[in-house]
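Okay, here's what each chain looks like letter by letter:
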Amino acid sequence: MPGSNDNKLSISKKTSSAVENAALKSSEFAILYPQSERINTLIVDNFPALGKLAAMRFLEWVQQNPEGVISLPTGKTPEHFIKWVLHLTNHWQEKNIRKQLAESGLDPAVKPEMRALHFVQIDEFYPINPKQSNSFLHYIKSYYLKGFGLDPAKAMLIDCAKIGLRKSETLASIWGDEAVDLSLRYRPGRNSHERRQKEVIEAVDQWCVEYEMKIRELGGIGFFLGGIGPDGHIGFNIQGSDHFSTTRLTPTNYETQAAAATDLGGIEIARKRLVITIGLGTITDNKNCTAIIIAAGEAKARIVADAVCKEKNILYPATALQDLPQARFYLTRGAAKLLHERQLAVLQNTEKLSAEQIEKEVVDLALKRNKRLCNLSKDDFKNSPLARLVLKKSGEKSATKLCCKIEAQFLEKVKKGSIALTNKRFLHTEPHHDDLMLGYLPFIVRHTRDPQNFHHFVCLTSGFTAVTNEFMRRKISWLTQFINTTEFAALHSQSYFEPGSMIGRNRDVWQYLDGIAANSTSMKQNGIARRLLRDLITVFDEDDLKNLKDRIRELDSYFEKQYPGKKDLQYIQQLKGMSREYEAECLWGYFGFSCETVEHLRLGFYKGDIFTEDPTHDRDVRPVVHLLEKVKPDIVTVALDPEASGPDTHYKVLQTITEALKIYEEKSGRSDIKVWGYRNVWFRFHPGEADIIVPVSLNMFSIMESSFINGFVSQKDASFPSYEHDGPFCELAQKIQVEQFQQMKILLGREWFYEHKSPLIRATRGFVYLKEMGLREFYELSTALKRAAENR
C-alpha cells in the first residue's frame, strides 16, 4: 500500500539525514513515489512545522559543515524557519529543547556555530537603494547577519549602490525613475546620459560574472533554501530560465512583478525593476548541495506538482534541481494536494471517506473526462485509481447510481443559490474593503431586494497597504482645488466637516454617487475632497483651514519624497485606511445603504509589518463581540481561504471572528446562526466543497465591474494585482466565476442550462461558490485551519 510505513522508500546512505529520517518515521508518506515523482519530497501537517523541519535540517547541515556556504531566502516564506532557528539556538541548553532536538534527529551535544559560515545572497531588485527597508539586503542584514550571528566579512551581498557607480554618483542620478533599458547592452547610447547608463549596465554584468566566480571558488553553494514563486521561479529564475544560467542582471515576468508589487509599493514600480539573481546553474553546480524548496498552502499545489513530477524543462525552473541527489521539496499537505500517488495513499489510509471526499473525486473524474456526472461509465472509474478506490469505499455498488446521486446534490446546491432568503439579519464581514464584492456580490444584491432583510457590512482591517503614495497625491490635488472655493468655505462654516457628523459623511458619499450618475469627474472629485478634508480634521484634531492647508502641503511633500513600499507613519496609515473606508461606503451606497450600516473596525494586529502579529482578545476579538451584540445576525459571512493560501490577514480575521462567535453564542444562547464562507480572487472552492452555488448573469457582471471601478478608485489601476491577471480585481473575479460556470456546464450538461424553464438559469454565465455551515461545523473547520497555520 503506497502510504504504509512498510512500503516507504528510505533515504540512501549517500544522501542520509537523521533529521529527514526522523520526519519520515512519523509520516504516512514515502519520500518518493518513483512512478510519478522525480524529486524527493517530505510532507508535514502545517506551515510552522514546515519551518521547523527546514530549521532542523539546516542546523544538522551546519553541525556537519561549520564553514560551509549557505544561501537563504527572503520575504514571508522563511518566517517560521527563522523563528525556529532562533528559538532552538537561543534555548539550546534547555531540557525540553534538547529533547526536541534529539527526537528530530539532531545531536544536542553539538550546538551549531554559524560565525564561520559563508553566506550568499540569492537575489535583489535592481536598482534599489540598499538602505530601503524593502530591499532584500536590508532583510538579510536584519534577519540573517544580525539575527543568526553570521560574520558580515564572510557574506557575499548584492549592494546595488556599490556596483558600477562612481563616488559622485547614485542609483537615482543614473536611473532616476526610468526603467533600466537593457537594449543598451546591444546598441550605442544616443547621448551622454545613455552612454553612462550603458557603462553601468556593463559594470553590473561584469560584477555578476565575478560574483559567480567567487561562489564557485568557495566550492559552490552547500545549503540552499528557497521558496517557489507563482510561475515556479526559484530565486528570480523565472519560467523559461536556462537550467545552466549563472548570476546575472535580468528582467522578470508579470507573475513575478505582481508578487513583488506589495514589497515595492505597486506594480508600477515592479514593472520598472530588473533583478540580480544567482542562476539555476549556480545552485546546481555543487552536486553535493542540499537544496530545499519549501511551499505551503493549496495555492502552491499546481506549481509544486509540475516541479516535482515533470521532466526537466525550462517552463518549470525547479526541475533543474533533479540533478541534485540532495534536492528536496518540503511541503504542507495543502501544497502536496496534486501529488496524486500521495493523495491515493491518504484515501487508502482513511477508513471511512467523508461525503465531500467522495464528491470531490467523482467531480474531478467528470471534469477530467469532460463528461456530465450521470454519463460517467464503469470504465471511467476503472481507469482512474483514485476514482476506483472512492467507488469501492463509498458503499455504492453502481458507479451510475453514485454519479446520479452526486448530480442531484449539485442541482440542489444551484436551487439553493437561486432563491433569496427573507426576514434575515446579515452580518457581512471582510478582511479587506473589496473582499465582499469580489467574493459573492451577486448573492448580496439578490438579498438586498427584499426590504425585510437587514444588512450590516464590516471591514475588520484598515487596508492601508493597498493605497499608493501616488493615489494620495491625486486626492490632495483635488482637495487643493476645492478647499479655496466658496462652496467649501460655506460648508465649513456650517460645521459640515464635523468628524462625527453622520449626515455629513452620508452627504460625502451622495455627492460622489451623484457624480457617477451625472458622469461628472468634477462632482466625483468634489465628494472625494470633502471626505479627505473631514479625515484631515479627524486625524490632526485641527479645524482651522489655514493650518489644514499647511498640513496638506506637508502631506504632499511626504508622499512625493517617500519611497514606495516603505512602512508609513501611523497617522499616514490611518489616512490611507480612511481612503479605503470611504470607498467601501461609496460601494454600498451604490446599492442604497447609508454609512450607518457600513462599519470599520481597524483591528490592531494589522500594522503593515512583514511578519504580522496574532490577534488578541481585548484588542481584536472584543470589538467583534460588541458588533455581534449590536447586529444580532442570523447569518455571518467570512472569508474562508485554505491553509496558507490566501493573504495572512484573511486567516487572522477568520480566527478573530471564530473566537467572537463562540463568546457571543455563549452569552446570547444563539446556536442557530449560519456561517457562509466565501472565497474571491486569492483561491477557489472546489465544486465539491460548495453548499450554495449562485447563478451570475451578464447583467450582474456589468454591475460588478461598474461598482468596482467607480467605487474603489484607489484600486482601479490595480497597483497590487493578482499574479493571475494583469488588471483590476473585478475582471479576475468575473474570470473565476465564468470558469466555475464552465465546470458546472460539464457536470450538469449544457442542455440543463439552455433548456431550463427559469430565465435566471438560462441567463447564467457565471457561478459563485459558497460554503454554508452551522456554528459547530464552522468552529471545527476554523480549528483545523488554526492547527494547520499555527501548529497548535
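Look up: the structure comes first, before these words.
Being a predicted model, the structure only gives us computed values, none of them experimental.

Procedures and definitions
- Residues numbered from 1 in each chain as written.
- Predicted model: local features only at pLDDT ≥ 70, side-chain atom pairs only at ≥ 80, totals over all residues.
- Heavy atoms only, no water.
- Buried < 20%, exposed > 50% of the residue type's maximum accessible area, 1.4 Å probe, protein only.
- Helix = DSSP H or I, 4+ residues; strand = E, 2+ residues; numbered from the N terminus.
- Contact = heavy atoms within 4.5 Å.
- Phe/Tyr/Trp six-rings, centres within 6.5 Å; stacked < 30°, edge-to-face > 60°.
- Lys NZ or Arg CZ within 6 Å of the ring centre and 35° of its normal.
- Pairing = 2+ DSSP bridges.
- Polar contact = N/O pair within 3.5 Å; in protein donor to acceptor, adjacent residues only side chain to side chain.
- Axes fitted to C-alpha atoms, helices over the stretch in contact; angles between N-to-C directions.
- Salt bridge = Lys/Arg side-chain N within 4 Å of Asp/Glu carboxyl O.
- Core = buried A, V, L, I, M, F, W, Y, C linked by side-chain atoms within 4.5 Å.
- Parallel < 35°, antiparallel > 145°, perpendicular 65-115°, else oblique.
- Nonpolar A, V, L, I, M, F, W, Y, C, P; charged D, E, K, R; others polar.
- Lys, Arg positive; Asp, Glu negative; His and termini not counted.

A look at helix H11 (residues 301–309)
Helical geometry note: an α-helix holds 3.6 residues per turn, so side chains three or four residues apart project in the same direction. With seven of its nine residues buried, H11 lies for the most part within the structure. Here H11 has its buried residues at Ala301, Ile303, Val304, Ala305, Asp306, Ala307 and Val308. Of the surrounding elements, those touching the buried residues of H11 are strand E1 (40–44), strand E9 (290–295) and strand E10 (328–332).

A short note on the packing of aromatic side chains
The final tally for this structure, using the stated rule, is 35 aromatic pairs. An angle of 20° between the planes, with centres 6.1 Å apart, marks the rings of Phe136 and Phe236 as stacked. Taken together, the residues Phe136 in helix H5 (residues 136–146) and Phe236 in the loop between strand E6 (223–226) and strand E7 (248–250) connect sequence positions 100 residues apart. Of the two residues, Phe136 and Phe236, neither departs from the other in class, the shared state being buried. When the ring of Tyr144 is compared with that of Phe148, the centres are 5.2 Å apart and the planes differ by 65°; the resulting orientation is edge-to-face. Here Tyr144 falls in the buried class, since its relative accessible area comes to 0%. In textbook terms, an aromatic cluster arises when at least three aromatic residues are bridged by ring pairs, as seen for Phe58, Trp61, Phe81, Phe119, Tyr139, Tyr143, Tyr144, Phe148 and Phe223. In this structure, Lys413 packs its charged tip against the face of Phe410, placed 4.3 Å from the ring centre. In this structure, Arg534 is placed above the aromatic ring of Tyr496, and the distance from its NZ or CZ to the ring centre is 4.9 Å.

Quick look at the pairing of E6
Burial of the side chains of E6 extends over both faces: Phe223 and Leu225 are buried on one face and Phe224 and Gly226 on the other. Pairing of strand E2 (residues 69–71) with E6, which is carried by two bridges, proceeds in the parallel orientation. If you follow Ser71 over to E6, its bridge partner there is Phe224. As paired elements, E6 and E9 share four bridges and run parallel to each other. Within E9, the residue paired with Phe223 across the bridge is Thr290.

A short note on the environment of Asp285
Looking at the secondary structure, you find Asp285 in the loop between helix H10 (280–284) and E9. Separated by 200 residues in the primary sequence, Asp285 and Val85 place their C-alpha atoms 27 Å from one another. A distance of 3.1 Å separates polar atoms of two side chains, one belonging to Asp285 and the other to Arg216.

Points about the side chain of Thr649
When you line up the elements, Thr649 lands in helix H25 (residues 648–668). A relative accessible area of 10% places Thr649 in the buried class. Among residues more than four places away in sequence, those in contact with Thr649 are Pro431, His432, Thr461, Phe605 and Tyr606.

Quick look at the sheet that holds strand E13 (residues 598–600)
Pairing is mixed in the open sheet, where seven strands are placed in the order E13-E12-E11-E14-E15-E17-E16. Edge positions in the sheet fall to E13 and strand E16 (692–697), since each of these pairs with one other strand and no more. Looking at each pair of strands side by side, their axes are set apart by 25° on average, direction ignored. Bridging between E16 and strand E17 (residues 764–774) involves six bridges; their strand directions are antiparallel.

A look at the sheet that holds strand E4 (residues 123–126)
Strands in a sheet are paired, the pairing made by backbone hydrogen bonds, and the direction either parallel or antiparallel. Strand order in the open sheet formed by three strands is E4-E8-E7, and the pairing between neighbours is antiparallel. Both edges of this open sheet fall to E4 and E7, since each of them pairs with a single strand only. Shown here is a sheet whose adjacent strand axes are inclined to one another by a mean of 25°, direction ignored. With respect to the sheet, helix H7 (residues 192–217) is in contact with E4, E7 and strand E8 (274–277), its orientation differing from that of E7 by roughly 135°.

With respect to the pattern of salt bridges
Enumeration over the complete set of coordinates arrives at 64 salt bridges. The partner of Asp614 in a salt bridge is Lys652, with the nearest N and O atoms 3.7 Å apart. Separated by 38 residues along the polypeptide, Asp614 in the loop between E13 and helix H24 (617–631) and Lys652 in helix H25 bring together distant segments of the chain. Close ionic contact of Asp620 with Arg619 constitutes a salt bridge, the shortest N to O distance being 3.0 Å.

With respect to the nonpolar core
Ranked by size, the top nonpolar core spans 72 residues in total, and within it Tyr126, Phe224, Ile228, Ile276, Ile278, Phe329 and Leu331 carry the most contacts. The element that contributes the greatest number of residues to this core is H7, accounting for seven residues. Once residues within four sequence positions are removed from consideration, Ile276 is found in contact with Ile122, Asp123, Glu124, Tyr126, Ile158, Ile163, Val204, Trp207, Cys208, Thr247, Arg248 and Leu249.

Side note on unusual backbone geometry
Looking along the chain, the bond that leaves Tyr126 and enters Pro127 is cis, with omega of -5°. Here Pro127 is to be found in the loop between E4 and H5. The backbone phi angle of Asn370 is positive, close to 55°, even though this residue is not glycine. Along the chain, Asn370 turns up in the loop between helix H13 (355–369) and helix H14 (378–382). A positive phi angle, near 55°, is found at Asn423, a position not held by glycine. Looking at where Asn423 falls in the secondary structure, it is placed in the loop between helix H16 (399–418) and strand E11 (425–430). Classification of Asn423 as exposed rests on a relative accessible area of 57%.

Notes on the packing of helix H1 (residues 18–25) against helix H2 (residues 47–64)
Between H1 and H2, the shortest axis-to-axis distance is 8 Å and the interhelical angle comes to 150°. The angle between H1 and H2 falls in the class roughly antiparallel. Here Ala18, Val19, Glu20 and Ala23 of H1 come into contact with H2, specifically with Leu53, Met56, Arg57 and Glu60. When its residues are assigned to classes, the contact of H1 with H2 shows five nonpolar, no polar and three charged.

Considerations on the side chain of Lys745
Within the fold, Lys745 resides in helix H27 (residues 729–748). Buried and without a salt bridge, Lys745 has Glu751 as its closest oppositely charged side chain, separated by 10 Å. Not counting the four nearest positions on each side in its chain, Lys745 is found in contact with Arg750, Phe753 and Tyr754.

Quick notes on the pairing of E4
Side chains Asp123 and Phe125 project from E4 onto one buried face, and the interleaved Glu124 and Tyr126 project onto a second face that is buried too. Sheet analysis places E4 next to E8, joined by four bridges and oriented antiparallel. Directly across from Asp123, in E8, lies its bridge partner Thr277.

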